[in-house]
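Topology and contacts: notes
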Amino acid sequence: MKKIFNILVIATAALMLASCSDKWLEVESKTNILEADYYNSADRLFSGLVAAYDPLKWYDYFYQYNSLNMVSDIMADDILCGGSNDSDQPTLVKAHYYTLTPADQPNQIWTICYSGVNRANIVIAKAPSIEMDETTKALYVAEAKVLKCWYYNILWKYWGNIPYYDENLTFPYSCEQIGHDEVYAKVIATLEGVIDSDVLPMKAAIGDEGRVTQAMAKMLYAEMVMYQNDDTRYSKALGYMQDIIKSTKYSLASDFAGIWLESGEWCDESIWEINYISEGGIRDWGAPIATGGSVYPVLIGIPGVTGNDFVDGWGFSPVAKKAYDMYSANDTRRDGGILNFADYAAKTGNTYVPRWESTGYFLLKYLARKGGNHGYVASDNLNYGNNQRIYRYSETLLNAAELLLRTNGSSTDATNYLNEVRERAKVSDETATIDNIIEERHLEFVGEGKRYWDLVRTGKATTVLVAGDPAGRTASWTENKKYWPIPQSEIDKSATTLTQNNY
Amino acid sequence: MTLLLLGLSCVAFAQNRQTVTGKVTAGNEPLVGAFVTEKGTSNGASTDIDGNYSIKVAKGAVLEFSCIGYKVQTIAVGESAVINVKMEEDVSFLDEVVVIGYGVQKKSVVTASISHLSSETIKNTASTRIDNVLKGVTSGVTVTSSSGQPGASSQVRIRGVGTINNSDPLYIVDGMAIDGGIDYLNPNDILSVEVLKDAASGAVYGARAANGVILVTTKSGEKGNARVSYDFQYGVQNPWKRYDVLNATEYALMINEGLLNQGQAARYADPYSYGEGTDWQQAVFNWNAPEISHQITVSGANDRVNYFISGGYFSQEGTVGGNFGRSNYSRITLRSNTTYRIYENKERNFLNKFDMGINIAYSHTNSSSITTNSEFGGPLGSALAMSPLQSIYADDSESLLAEHPTARTDPWNGKAYSIVDGGVYNEIANPLAQLSMPADQWWSDKFVSNFWGEFNIIDHLKFKSSFGTDMSFWGDTSWTPAYYYSSKLYRDYSSASMGQYRAFTWQIENTLTYQNTYFDKLNLEAMLGQSAKSNEGLSVGGSNKYLIEEDAYKAGLWFTTGTQSAGDMSVWGGTYNPHRLSSLFARVSANWDERYMLQATVRRDGSSNFGPANLYAIFPSASFGWNFANESFVKEAAPWIASGKLRFSWGKNGNEAIGQYGYTTTIATGNNYAFGNPGVIATGAKPNGFANENLKWEESTQTDIGLDFGFLNNALTFSFDWYKKITTGMLMSMPIPAYAGDSAPTGNVGTMSNKGVEMEMNYKLNLGDLKLDFGANATYLKNVLVELGNENGWANYDSHKIGTLTRGQNGYPFPYFYGWKTDGVFQNWDEVNSYANSDGTLIQPKAQPGDVRFVDVDNSGSITDADRTYLGKGMPDWTYGISFGGNFHGLDWNLLFQGVAGVQVINVTRRTDLYYINLPSYMLGCWEGEGTSNRLPHFSMGSDDNENWRMSDLWVEDGAYFRLKNAQIGYTLPEKWTKKVLISSLRLYVAGENLFTATKYSGFDPEISSGGTSLGIDRGVYPQSRVYSIGLNLKF
C-alpha cells in the first residue's frame, strides 16, 4: 500500500512540475499560421500579392457605394446622383453638391486605398528574405509597387495632402501627413523606377488579365503627370504612351458598344480592368470583400424596368440629357454608351419608374443586364460580372495626342492619334488642339470617371461646374473643392497629427 | 449491529478497556445509523435499527455521538456502562456547510459572499435546467429566460454585466469546469448549488472568475440500505398570453385610414363585412403541449462504499411548432457517483486512510428549434404580421398546387397553405407553411467524469488528486425540400446538410490540505493546489443539393445528387486551436473561537490565450469576518441575537476568455482576387490585422461588505451585502487611424462598474405539526460603463429597420436603449408652427398635424441624430423573489414568486417598412384628429417625412413584472398505508408554472434576452409557457 502512495506522490509531483512549464502554454495554432512563419516561398509571396490586388474590387461596395468612376463623375457634369431621393446615399449627394464634411463623405475610399498600400508594402517588405527565383520575385515586387502607386494616386487625387508611408506602421500607428506635391513626387519616382526596370510585361499573358503590366504602369504615370500638369515629365510620359502604341499589343475595338458587353472584357483595346466575376460569386451584404461580382450595375440600373434586357435597378447615376445631346447622331459612342429610354421604349414597349434626378438616359456601359450575374452564389445584386474598365487604348492615343501638343511635338501625329479614336466612333476627322482633345475625352469616356479630373487639371472646372447644374447644387466648384476634407475619424484617431484640408 | 471498521484487532489494549452500550434516540424514535466514536481515536461504532450501540473504549474515554442532521454530543464515559443519548435536531444543518471551491467551509465561519441552494430549493423550482433553478431563489443573480423554446438557455448574470464582452459565469460541476453549456445536468441529481458572488470567493478560480462562479455539487448516497426512488411528472403547457393584434374588421379600418391619410382611396369598401378574420396566433400555437419526465434513483452507502445512481428522461414539446416537430426537446441523463474507502488503518497517524471516487455522467439531448425573436420571418413574428384577411389555406388547393407544386401543405389534412403576396410580406411567409417544413435537428452527447483519490498523509494533512474529462459530441442535421412560400421566398431545389462537432477537455488537479486546531480555539486550514486543463476539438460538416427524392426518412448527404463541379456540394471543418490553462493556488483560512475569521487566497493562472509578454496572471483576495454574536458581551447584552456576523472581502478576479492568439499576428486567407478572362480566383493571404503583444486578461476588483443576523435560535435569518465591482482592461478594438491600412488591434482599454445591494431573509416556524417557511430576497444593481475604450466613447449595437436600438456609452448602463424622446403629437398647424427655436425657424419643418413632436435634446434648433438619448435599459434595477412553503400532516406546499422592476423593454415586433401587414391593437389609438391622441401619431401608409416611427420612446415599454413562477401542492400518503405494499413513501402532487404574471408589458413576455447586448429587445419572443402538471415521488 505504501508503494502505491509513493508512486502517487511522485507521479503527481511530476505532473505539477510538468504542468507549470511555460512551454506547455505555448500552443501552436491548428487553424492558422503565424505571420512570422508564413512568407517563405514564391507561392506564399504571390498570395501576399493577390491580397494587395484584393481591395481593388471593394470600391463599388464597402458599406458605402463608391465606384471610383461614379464618385468622380457625380462631381462633374455628365452624370447625376440619382437613387430614391436626396437622402438615399447622403455621402454621394454631398459629393454631388460639393458639400462634403469631414464626418460625411465617401471616406471608405480612403480606407480601401490604405488597405491596398498596407498589403503592397507587405509584399515589398517580405520579398528580400524569401529564397525563390529572382526574376519572379522582381516581378511580384514591381507589381506590388505599381499597385501601391495606384492606391496612393486615388488618395492623392481625392484628398491631396495625406499620410504617406512606404513601410507599414507600428505602434502607435502614427504617420506624417505630407503635401500633395510631395506625395506626387514620391509616387512618380517609384513608378519611374518600376517602369525603367522593365520587369513587367507590356501585356498580360492569357490567364493573367487583371495583373499589372508595363502598359498599365505607363498609363498611370501619364495620368498622374497630366493631372499634376508636370511639364518636366511630359516628354517622358509621351515616350511611355508611344511605347504602348509602338508595341502593337493593343488596338481599338471596332465596335464601341461591344466593349461594354461581357464579351468585350479584356478586348484588345483594354489595358487594365478591375476584374469582377459572377460565376461562384460570394460577395454579400455582410461580406463586401468576398470574391465575386459588383453591385454597381444594379446601383445604376433602370428602376422598375420591364422586359427581358435589363435588370430592375436602383436608378443611381442617371446620364444628363446634355451629355446625350452633345454627340452627333452618327457617333457610335452615343447609343453605344448611353441608353435613351424613350427610344428603347418606342422599340420594345418596356417601361420604367423614374426616381430622383431621372433623365430617361442611362449609362449603358455598365447597366445591369439580365443574366449579368449568371452563376452567382451569394447575393444576386452584388455579383454582376461587369469588369470596371480603368484604362483603354483610346486613352493612350488621346494622352499621346495631348502630350505631343503640350511638348510642341508633331501635330500631325497628334491629329492622327485623335482621328484614330474619332474614326472608330464613325465621326469625321478634326485637327488636334488641346481643347478638342479634352472634348474628345469627354465624348469617349462618359461615365468612365475621367471627366471630373480633366476639368480640374485643365482649369475648366470653375467655368463648367457651376451652381444650379444640377438643380440642387447650390455651390460652384472652386479651387478649394479640389481636395476633400480629411475624414474626421482619422483626425480623431491621429492625435491631431493631421491638418484638415480647406474644402 | 456493531460495525467495527475493518474488523481491527484490539486485543493488545483489552485489559484497559470497558464496553459501553446504550440507546440513541431523537424525539421518541430510535435513531438508526448514528455514530459513536471514542474521542481522539479512530475507534467507533454505529447504532442499529433499534438505536442501540455497543462500543469498547479505554477507561476514562470521552464518547462523541453524531448523526447527520443532529447536533453532536460529547459525553464522558465515567463509571457507567450504559449511556443513553437524546439527540437534538440541528435546525441549521442544511446551511451548515458551504462548498467553497477545493473544499467546504462551515457556514458560520464563511467570510465571503456565497449563496447556497439546497436540493430542496432546487426541487421547489421544478426546473429542467440548472440556469433556471437560480431564478428568484437567491440574491445577486439575474436570470433572464431567453425564450420559452424547449431547451433554450437563460442568460445568467452574477452581480451585473461584468464586461462588454462575454459576461457568462463559470460553471464548476463536482470540481470539473464545464464548457459549452450545462444542460447535460439533470437538476434532480444536484445536491447543492453555490454561487460565488464576490471576488474573495471566486479568487480560487482566478482568471475565470470575473463574472462569478457557480459551483454545482451532485448527490451521493446516504448511509444505510439502498434507497430506490422513482419520480414522475406530466404537464401540459400553453402560452400564458396572446399578443393583442387587430381582427379583420379593425385591420380593414386601419388600412383604409392609413391610405386616406396619404390621400389615397380606401382599399376595403365594407370593413365590417370581414368580421374577426383569421386568428393567426390561435393557428400557430400548439395548445396543450405535453411535457413529461421520469427519474429513477438508487443510492446508498456503507462504511466502504457510497453510491448514487440515477437515470432520467425528460421530453418537452414546444408551444410553437411542437406539433410539427419543430420546437421539441428531449434529454436522457445517466449518472453514477461512487466513493470507495480503499484503505483505512486507525492504528497509526500517517498514511492511514485512502478514499477514491468517480462521478460519471452521460447525457443525450435532441432538439429542434424555430427561429425566435426575429422580425424577419420567425413563425411567431410572422403570425403577428399576417393580415387577418389572409386565410390559412388556399381557396383552391388543387389549382394552387398546379401552379406551385412546391407550395406547402398541411401534414394532417393535405390542404395547401395559402401563398402570401411577396410584395407585401417580403421575407415573411405564412407561418404554418414555415412550420410544416422539416426541422433542423440538433443532438448532443456529453460524457463528464471525474476520478479522484484522497489520502491522509499524516493527521491533519490530506492530499487529493483528481482527473476529470469532459467529452462532448454535438451536431445538427437538416434538410430542406424545394418550397414556395411567396414570389419573394421560394427555392426550387432540395438540399441537405450535416455538421458534427467534438470537444475534449481534461483536467488534473492536486491539492494538499492542512487542518488543525491550536489552543483549542484557533482553527487553521491551509490549502495548496495545482490545476492544469486542456481543451481540444474539431468540427466537420457538409451540404449538398438535389435529394434523390424528398423523403424525410432518407434525407441526408448520401441521398443527394448534386456535384462538386456544379458547386452544389460543400464541405467544411477542421480542428480547433487547443486551449490550455495551468494554475497554482493557495488559500489560508483561520478563525479564533469562531469569532474572528480571516481568509486569504491567491491564484496564479497561465493561459494559452495570453501572450509571452503576460503569460501569468496573479489574483489575490482577502476576507475578514467577525461573529459578534459569539462575543460574551453581546450574548449578555442581546441574548436574542442567535447569530451575527460582519463580513468584509476584497479581491481580484480575471476573465481569460479573450480569444486565442490575440497577442500575435496570424495569416488570414480569403483575401482573393480573380485573374484572367473570365476571372479565376487566386488565393490571397495577409496578416489578420495588427497585433497587440501586450494583450492580457480582463480584470475585476471587488469589495464586499456583508452582515448576517439570526434570531429565534436562527429560525429567522437576515443577510445583507453591499458590493462594488470594477472591471478594468475590457477588450475593445483600439482607436487607430484607418490609414494604418489594417484592422485595429484589441487592447485592454475599457472599464465597467457594478454596484449593488443584496438582501435575503428566511423564517422558519414550527407550530406543532404545522411547519412553515418563508423566504425573500431582493437585489439592487447599478451598472455603469465607465470607459468603453474607443475614441468616441460609444458604440452602437443592436439595430432594427427603425434604426439603432442599443448603445454602449461612457457613463451609462451597458447597453442602454437609444433613440429620440417624444413630446406628444402635433394637434394642429399652430402647434407645428410654434415649435420653433429662438430665431423662429421651425424645429420640425416637415411635420404636419398628427406627427410626433420630438424633443430637441441638444437645443440645436432641429431634430438630428444628435438628439437621440437614453430611453431605458434591459437590465433590471431590482430583482426579487419570495417563497412560501410549509407542510402539515403529510400535506406540503410551496409557492415561489419572482419579479423584476426598474427595467424597460423595446417592443419592435411591428415592422414599419411593410404595408398591409397586421398591426398591434395599440395602433387603434393612433391620432385621428385634434384631441384624439397625444402619444401615437396618425397612421399613414406610405411616406412619412417626419419619420414618426423612428426609434423613440414610443417603442419603449415598462418591462417590470411580478410572477408566480412555481406553485406546488403535494400530499404524502400515510406510511401505514404504503408500508403494506413495500413502499416507504409516496407523494402525489400538482404543480403549476407561470400561473400568474402581473405586467404592464403589451407583448408576449417581458422576459427577453437573445444575446449579450440584446437584453430586453422583443422582436417576437417565444413566450414562456403556463404549465400545469401532476407528479409523484415514490420511495422504496
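Our subject is the structure that appears above.
Along each chain, residues carry numbers from 1 onward, in the same order as the chain's sequence is written. Chain letters and ligand numbers both follow the written order, the letters beginning at A and the numbers at 1. Given that this is a predicted model, residues contribute local features only at a pLDDT of at least 70 and side-chain atom pairs are listed and counted only at 80 or more, while totals for whole chains, interfaces and linings are drawn from all residues. To obtain the side-chain values, all non-hydrogen atoms of the structure were used and water was disregarded.

Another point: the overall build of chain A. From N to C terminus, chain A includes 21 helices and 6 strands. Between the two quantities, the radius of gyration covers C-alpha atoms and the globule rule is 2.2 Å times the number of residues to the power 0.38. The C-alpha atoms of chain A give 26 Å as radius of gyration, which agrees with the globular expectation for 503 residues (23 Å, within 12%). Once the C-alpha set of chain A is aligned to its principal axes, its extents read approximately 110 × 50 × 45 Å. Buried residues in chain A amount to 60% of all 503 residues. Areas reported here follow the Shrake-Rupley algorithm with a probe of radius 1.4 Å; residue values treat only the protein chains shown as occluding. Put simply, chain A shows about 18,400 Å² of open surface, and 52% of that area lies on carbon and sulfur atoms. Chain A carries 46 positive and 65 negative side-chain charges, and their two centres are separated by 3 Å. For the purposes of this entry, the term helix denotes a DSSP run of H or I that reaches at least four residues, the term strand denotes a run of E that reaches at least two, and both are numbered from the N terminus. Summary of the burial criterion: residues with accessible area below 20% of their type's maximum are buried, those above 50% are exposed, and those between are partly exposed, where the area comes from a 1.4 Å probe applied to protein chains only. None of His or the chain ends enter the tally, which takes Lys and Arg as positive and Asp and Glu as negative. Note on charges: their place is set at NZ of Lys, CZ of Arg, CG of Asp or CD of Glu.

Bringing the interface of chain B and chain A into the picture now. Whether two residues are in contact is decided by their heavy atoms: any pair within 4.5 Å suffices. Each partner contributes residues to the interface: chain B has 63 residues there, and chain A has 67 residues. What gets called buried area is simply the loss in accessible area from a 1.4 Å probe that two parts show on being joined, summed for both. Among the residues of chain B in contact with chain A, Tyr673, Phe675 and Tyr739 of chain B are the three that bury the most area, contributing 16% of the side total. The salt bridge criterion pairs a side-chain nitrogen of Lys or Arg with a carboxyl oxygen of Asp or Glu, the two atoms within 4 Å. Counting the contacts that link chain B with chain A gives 1 salt bridge. Lys30 of chain A serves as the salt-bridge partner of Glu536 of chain B, at 3.2 Å between the closest nitrogen and oxygen. In terms of residue count, strand β28 (residues 522–545) of chain B provides more of the side of chain B that touches chain A than any other element does, 5 residues in total. When the residues that make up the side of chain B that touches chain A are grouped by side-chain class, the tally is 35 nonpolar, 21 polar and 7 charged. For this classification, Asp, Glu, Lys and Arg are treated as charged, while Ala, Val, Leu, Ile, Met, Phe, Trp, Tyr, Cys and Pro are nonpolar and the rest, including Gly, are polar.

Turning our attention to the sheet that holds strand β56 (residues 1017–1018) of chain B. Residues and elements named next belong to chain B. Here, a strand pair is defined by DSSP locating no fewer than two bridges between the strands. In spatial order, the strands read β53-β52-β56; together these 3 strands make up an open sheet with mixed pairing. Two strands close off the open sheet at either side, each with one partner strand: β53 (956–958) and β56. Bridging between strand β52 (residues 904–907) and β53 involves 3 bridges; their strand directions are antiparallel. The residue of β53 that forms the bridge with Val905 is Glu957.

A separate point is empty space enclosed by the protein. Within this scheme a cavity is a closed region of a 1 Å grid, computed over the protein atoms alone, that accommodates a 1.4 Å probe without allowing it to escape, whereas a pocket is open but has protein on both sides within 12 Å along at least five of seven lines; lining residues each have an atom within 4 Å of a point. Grid points are joined across faces, edges and corners, and a volume is the space filled by probe spheres set on the points. In the structure shown here, the tally under the stated rule is 11 cavities of 30 Å³ or more. Considered as a void within the structure, the largest cavity measures approximately 390 Å³ in volume. Where the lining of the largest cavity is concerned, the elements lending two or more residues are β20 (305–317), β21 (328–344), β54 (961–972), β55 (985–999) and β57 (1025–1035) of chain B. Within the lining of the largest cavity, the residues separate by chemical class into 6 nonpolar, 18 polar and 6 charged. By volume, the second largest cavity is sized at about 330 Å³. Lining the second largest cavity we find 24 residues, and of these Lys157, Glu223, Gly449, Lys450 and Trp453 of chain A sit closest to its centre. Looking at the lining of the second largest cavity, the elements that each hand over two or more residues are α5 (68–73), α8 (134–159), α10 (214–228), β6 (388–392), α16 (393–406) and α19 (451–457) of chain A. A total of 5 residues in the lining of the second largest cavity trace back to one element, the largest contributor, which is α8 of chain A.

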